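Listed below are the residues making up each chain.
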Amino acid sequence: MENEQHERRKDIDYDAYEADFMEETAAEIAVPASAREEHIHREHEVVDRDEGKGYGRFALILSILSLFFLPIILGAAGIILGFIARRKGAYTLGAWAMGIGIVSIIVGTFVLPFF
């Protein structure tokens, strides 16, 4: 008797569980969103690269100037603009600006006070 009641509860629980997941699903016919976004980004890629080069050149100039005067201020500005240039697509210019800015800050902080 106890076994029969347990089996009935088990069947009822199973039916309730199955009813919760009876849903209708469908596939979309449109182009996936990732393909559309990639196409949109390709159209604006040329403008972004040119803008990144401008930031990169300015960052590199600031970083080089920081080697000669105001190393902490101009070096920090070169690092920040170099990071922005890398985000805009000018990877090499941004990396060089950040590297030279870091070297300038290190030299200006630890080496130049001894001379």
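Parameters and conventions
Residues numbered from 1 in each chain as written. Predicted model: local features only at pLDDT ≥ 70, side-chain atom pairs only at ≥ 80, totals over all residues. Heavy atoms only, no water. Core = buried A, V, L, I, M, F, W, Y, C linked by side-chain atoms within 4.5 Å. Buried < 20%, exposed > 50% of the residue type's maximum accessible area, 1.4 Å probe, protein only. Helix = DSSP H or I, 4+ residues; strand = E, 2+ residues; numbered from the N terminus. UniProt positions renumbered as here; feature names shortened; annotations may be inferred. Axes fitted to C-alpha atoms, helices over the stretch in contact; angles between N-to-C directions. Parallel < 35°, antiparallel > 145°, perpendicular 65-115°, else oblique. Left-handed = near helix turned anticlockwise from the far one by under 90°. Contact = heavy atoms within 4.5 Å. Nonpolar A, V, L, I, M, F, W, Y, C, P; charged D, E, K, R; others polar.

On to the nonpolar core, then. Membership of the largest hydrophobic core is limited to 5 residues, which are Ala59, Leu62, Leu74, Leu81 and Ala97. Contributions of two or more residues to this core are made by helix H2 (33-66) and helix H3 (71-88).

This paragraph deals with the UniProt feature "transmembrane region" (unreviewed entry) in the protein. Within the UniProt annotation, "transmembrane region" (unreviewed entry) is assigned to residues 58-84 and 90-112. Within the segment residues 58-84, helix and strand shares are 85% and 0% respectively, and the terminal C-alpha atoms sit 11 Å apart. Split by type, residues 90-112 is 91% helix and 0% strand. Its first and last C-alpha atoms lie 31 Å apart.

A pair of packed helices can be characterised by two numbers: the angle between their axes and the separation between those axes. The geometry of H3 relative to helix H4 (residues 91-111) is characterised by a closest axis approach of 7 Å and an angle of 160° between their N-to-C directions. Viewed along their axes, H3 and H4 adopt a mutual orientation that is roughly antiparallel. Viewed along their axes, H3 and H4 form a crossing whose handedness is left-handed. Each of Pro71, Ile72, Gly75, Ala76, Gly78, Ile79, Gly82, Phe83, Ala85 and Arg86 in H3 lies in contact with H4, whose residues at this interface are Tyr91, Gly94, Ala95, Ala97, Met98, Gly101, Ile102, Ser104, Ile105, Gly108 and Thr109. Of the residues assigned to the contact of H3 with H4, the class counts are 12 nonpolar, 8 polar and 1 charged.

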